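Report on the structure
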Amino acid sequence: LFGIFRGPLTTTTTARTTFSVAPGRCIEVGAALNDGAGIELRLLEETTREELALGAGSRATAAIACASGAPRTILAEARLASGQGNLVMAARSLGAP
């Protein structure tokens, strides 16, 4: 695991962190809450804000994004539908799909 992010999350905040992905590799980003409900995780191309993947769950979710021929910086955004809680986001490197 790398790029671990921890912090509070409420319905009025968005947690953001970036991850670097090497060419020909993918990352799986997971997000989990200790409380609250309805987490949404979006993976975006940092420069263009193009949505690459979306995950949603009651308290945990994951999404995967890849870099083809060039390195890519992925912006991960987590939002909460209701309540508040402490968020943990982490990524792991995967081979190409």
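Residues numbered from 1 in each chain as written. Predicted model: local features only at pLDDT ≥ 70, side-chain atom pairs only at ≥ 80, totals over all residues. Heavy atoms only, no water.

1. What about the state of the cysteines?
How we decide: Any pair of cysteine sulfurs within 2.5 Å is marked as a disulfide. Working definition: helices are DSSP H or I runs of at least four residues, strands are E runs of at least two. Numbering for both runs from the N terminus. Buried, partly exposed and exposed residues are distinguished by accessible area as a fraction of the type maximum, computed with a 1.4 Å probe on protein chains only: under 20%, between the cut-offs, and over 50%, respectively.
Taken as a whole and judged by the stated rule, the model has one disulfide. Two residues share a disulfide in this structure: Cys26 and Cys66, whose sulfurs sit 1.9 Å from each other. Here the disulfide of Cys26 and Cys66 is right-handed, its torsion about the S-S bond being about 95°. Here Cys66 lies in strand β6 (residues 60-66) and Cys26 lies in strand β3 (residues 25-33), a separation of 40 residues in the sequence. You can call Cys66 partly exposed: its relative accessible area is 26%.

2. Description of the side chain of Thr17
Worth spelling out the cut-off: Any two residues whose heavy atoms approach within 4.5 Å at even a single point are treated as in contact.
Among the structural elements, Thr17 can be located in strand β2 (residues 15-21). Excluding residues within four positions of it along the chain, Thr17 makes contact with Phe5, Ile74, Leu75, Ala76 and Met89.

3. A word on the sheet that holds strand β7 (residues 72-82)
Filter applied, for reference: A pair of strands is labelled paired if DSSP reports no fewer than 2 bridges between them. Every axis in this analysis is a line fitted to C-alpha atoms, fitted for helices over the stretch in contact. Angles between the N-to-C directions lie between 0 and 180 degrees.
Read from one edge to the other, the open sheet built from four strands follows the order β2-β7-β4-β5, with strand pairing classed as antiparallel. In this open sheet, the two edge strands, each paired with only one partner strand, are β2 and β5 (51-57). Within the sheet, the average angular offset between the axes of one strand and its neighbour, ignoring direction, is 20°. Here strand β4 (residues 37-45) pairs with β5 via six bridges, running antiparallel. Residue pairing for β5: Arg42 is matched across the bridge by Leu54.

4. Thoughts on the nonpolar core
Basically, it comes down to this: By nonpolar core is meant a set of buried Ala, Val, Leu, Ile, Met, Phe, Trp, Tyr and Cys residues that side-chain atoms within 4.5 Å join together.
Counting 22 residues, the largest nonpolar core has Leu9, Val29, Leu41, Leu43, Ala76, Leu87 and Met89 as its most contacted members. Secondary structure elements with two or more residues in this core: β2, β3, β4, β6, β7 and β8 (84-95). Contacts of Met89, omitting those with residues within four sequence positions, involve Gly3, Ile4, Phe5, Ala15, Thr17, Val29, Gly30, Ala31, Leu41, Ala76 and Ala78.

5. Describing the sheet that holds strand β1 (residues 2-10)
What the four strands build is an open sheet, ordered β1-β8-β3-β6; its pairing is antiparallel. Unpaired on one side and paired on the other, β1 and β6 mark the two borders of the sheet. Neighbour to neighbour, the strand axes of the sheet diverge by 20° on average, direction disregarded. Here seven bridges tie β1 to β8, and the two strands are oriented antiparallel to one another. Bridging across to β8, Phe5 finds its partner in Met89.

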